[in-house]
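# Residue-level structural notes
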Amino acid sequence: MRREIVVTIISYLILFVLGALAMYSLDIAREQVLGTSSSFFQKHVITLVLSLVMMIAAMNIPFSFYEKNATLFYFIGIGLLILVFLFPSINGAHRWIRIGGFTLQSSEFAKIILILYLSVYAKNNKGRMEEFKRGFLFPLFLGAVYAGLILIEPNLSTALFTFMIAAITLYYGGAKLRYFLVLLFVVIALFIIAVIGGFLHSYQLGRLRYFFSGEVAPQVDIALRTIKNSGATGWGIGNSWLKVYVPEAESDFVLAVIGEDFGFFGILLVSVAYLLLSYSLMRVASYIDDIAIRTFTWSYATVILFHVSVNLGVFAGVFPVTGIPLPFISTGGSSMMALLTGFGIILSGLLNKKSFEVGENER
């Protein structure tokens, strides 16, 4: 298991460095090309430091505390999702808690809280997780409450993502696979009804029209051009300019920055780092006996994989444009803080030596 932990830490470090370099490069390019200053690099570093502090704090709390207070955390998550409606909307959406210059996207923390609660739920009901009502329907309803609150912000992609990760957490926790096949058909049917019935917002329908028409969204087109013009190794930091015209280059389309600066090999390095991170976390989970910690670790790794898959898919034009950030690289401060806090919870579980067994070759 030590090998997997080392790979996990190295993968995190690679992503942290690439994120910082991308933000630094974007700051330079904006100043040189547009004549405007930005502080993406400074914000990224500050967020990273704050996130690491939160991770260390979470790591030093015994995992038993998270178990005992899982229900309390669940309602705290609901409180965070409701709290956003007390703040003024931004671009017509209530997704953020703004206090002074500090902005928090509560849905990012809600995802981590939800998989923690469902992981503990699976442990507390380990003998009944194969039952339809107790092991699937009721806990999935609790996940649907989170997804519903996120949906009315509105934030369709994150709501679907949250509901999906809740279902997968239950599968990791022991629910039967056939329940999820039925759920898949239900979700598809509801989505079709939402589209036909006009329940989606105009901008959501616009993104879907671009996707199903085979056209490439404008922001995707210019983002892909940064890669096509950069070759295998890119132009290097401070030697490229097209990325400044990519919308949301600091967040949703940060791969355009990495691609233009470091080329194909930069994109490859990012992809490999995420694969190693997710795989090593999955391997770590396989050593863990405690159902709650094991389920949480598997679910956490899946959250990262989903984030990366959707972001890469949007960048490549495979998925409709959403708003899913690239973990640890994009400037999404809430995402980084939530995910590193989640990793701190995993480390808390690993520090409890009763929660896992180590094979003879690892002793």
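Please read all numbers here as calculations on a predicted model, not as lab measurements. (Residues numbered from 1 in each chain as written. Predicted model: local features only at pLDDT ≥ 70, side-chain atom pairs only at ≥ 80, totals over all residues. Heavy atoms only, no water.)

The number of helices and strands found in the protein chain is 13 helices and two strands. Buried positions account for 50% of the 363 residues belonging to the protein chain. When the accessible surface of the protein chain is summed, it comes to about 17,100 Å², and 67% of that surface belongs to carbon and sulfur atoms. (Helix = DSSP H or I, 4+ residues; strand = E, 2+ residues; numbered from the N terminus. Buried < 20%, exposed > 50% of the residue type's maximum accessible area, 1.4 Å probe, protein only. Areas by Shrake-Rupley, 256 points an atom, 1.4 Å probe, with all protein chains shown as cover.)

Membership of the largest hydrophobic core comes to 101 residues, with the highest contact counts inside it found for Tyr12, Tyr274, Leu281, Tyr300, Ile304, Phe328 and Ile329. Apart from the residues within four sequence positions on either side, Tyr274 is in contact with Leu15, Ile304, Val308, Leu326, Pro327, Phe328 and Ile329. (Core = buried A, V, L, I, M, F, W, Y, C linked by side-chain atoms within 4.5 Å. Contact = heavy atoms within 4.5 Å.)

Here helix H1 (residues 2-34) crosses helix H13 (residues 333-351) at 165°, and the two axes come no closer than 14 Å. What the angle tells us is that H1 and H13 run roughly antiparallel. Taken as a pair, H1 and H13 cross one another with a handedness that is left-handed. Two secondary-structure elements touch here, H1 through Ile5, Thr8, Tyr12 and Phe16 and H13 through Leu340, Phe343 and Leu350. Along the lines of polarity and charge, the residues of the contact of H1 with H13 split into six nonpolar, one polar and no charged. (Axes fitted to C-alpha atoms, helices over the stretch in contact; angles between N-to-C directions. Parallel < 35°, antiparallel > 145°, perpendicular 65-115°, else oblique. Left-handed = near helix turned anticlockwise from the far one by under 90°. Nonpolar A, V, L, I, M, F, W, Y, C, P; charged D, E, K, R; others polar.)

What follows deals with the pattern of salt bridges. Counted by the stated rule, this structure contains seven salt bridges. Between Glu4 and Arg283 there is a salt bridge; the shortest N-O distance is 3.5 Å. Placement of the pair is Glu4 in helix H1 and Arg283 in helix H11 (residues 254-286), with a sequence separation of 279 residues. The class of Glu4 is buried, set by a relative accessible area of 7%. Accessibility expressed as a relative area gives 32% for Arg283, which makes it partly exposed. Here Glu260 makes a salt bridge to Lys243, at a shortest N to O gap of 3.7 Å. Separated by 17 residues along the polypeptide, Glu260 in helix H11 and Lys243 in the loop between helix H10 (218-228) and H11 bring together distant segments of the chain. Classification of Glu260 by relative accessible area gives buried; the value is 4%. The class for Lys243 is buried, based on a relative accessible area of 0%. In the salt-bridge network here, residues are joined through shared partners; they are Glu67, Lys123 and Asp290. (Salt bridge = Lys/Arg side-chain N within 4 Å of Asp/Glu carboxyl O.)

The next subject is the environment of Val310. Assignment of secondary structure puts Val310 in helix H12 (residues 291-315). Residues Val310 and Val321, spaced eleven residues apart in sequence, show a C-alpha to C-alpha distance of 9.2 Å. Setting aside its immediate chain neighbours within four residues, Val310 contacts Phe319, Thr322 and Ile324.

Under the counting rule described, the total for this entry stands at 24 aromatic pairs. With centroids separated by 4.7 Å and ring planes inclined at 50°, the aromatic side chains of Tyr12 and Phe343 adopt a geometry described as tilted. Taken together, the residues Tyr12 in helix H1 and Phe343 in helix H13 connect sequence positions 331 residues apart. An identical accessibility class is assigned to Tyr12 and Phe343; each is buried. Aromatic pair Tyr121 and Phe138: ring centres 6.2 Å apart, planes at 45°, arrangement tilted. Residue Tyr121 is found in helix H5 (residues 106-124), and its partner Phe138 is found in helix H6 (residues 132-151); the two are separated by 17 residues along the sequence. Since its relative accessible area comes to 39%, Phe138 is described here as partly exposed. Ring-pair connections join several aromatic residues into one group, and the members of that group are Phe132, Phe136, Tyr171, Tyr172, Tyr179, Phe180 and Trp298. (Phe/Tyr/Trp six-rings, centres within 6.5 Å; stacked < 30°, edge-to-face > 60°.)

Turning our attention to helix H4 (residues 70-83). For H4, with 14 residues, the first-to-last C-alpha span of 20 Å sits near the 20 Å given by 1.5 Å per residue. Those residues of H4 that fall on the buried side of the exposure criterion are Ala70, Phe73, Tyr74, Gly77, Ile78, Leu80 and Leu81. One face of H4 carries all of its buried residues, which in axial projection span an arc of 160°. Facing away from the buried side of H4, by more than 90 degrees, are the exposed residues Leu72 and Phe75. (Expected span 1.5 Å × (residues − 1). Arc of directions from axis to C-beta.)

Next up on the list: the side chain of Asp261. Relative to the helices and strands, Asp261 resides in helix H11. Within the structure, the side chain of Asp261 is placed 2.4 Å from the side chain of Ser25, a separation counted as a polar contact. Not counting the four nearest positions on each side in its chain, Asp261 is found in contact with Ser25, Thr233, Gly234, Trp235, Gly236, Ile237, Ser240 and Lys243. (Polar contact = N/O pair within 3.5 Å; in protein donor to acceptor, adjacent residues only side chain to side chain.)

Polar side-chain contacts of Lys243 include one of 3.4 Å to the side chain of Ser25. Polar contacts involving the side chain of Lys243 include one to the side chain of Asp261, which spans 2.9 Å. Here Lys243 is in contact with Ser25, Leu26, Ala29, Thr226, Ala249, Val257, Glu260 and Asp261, once residues within four sequence places are set aside.

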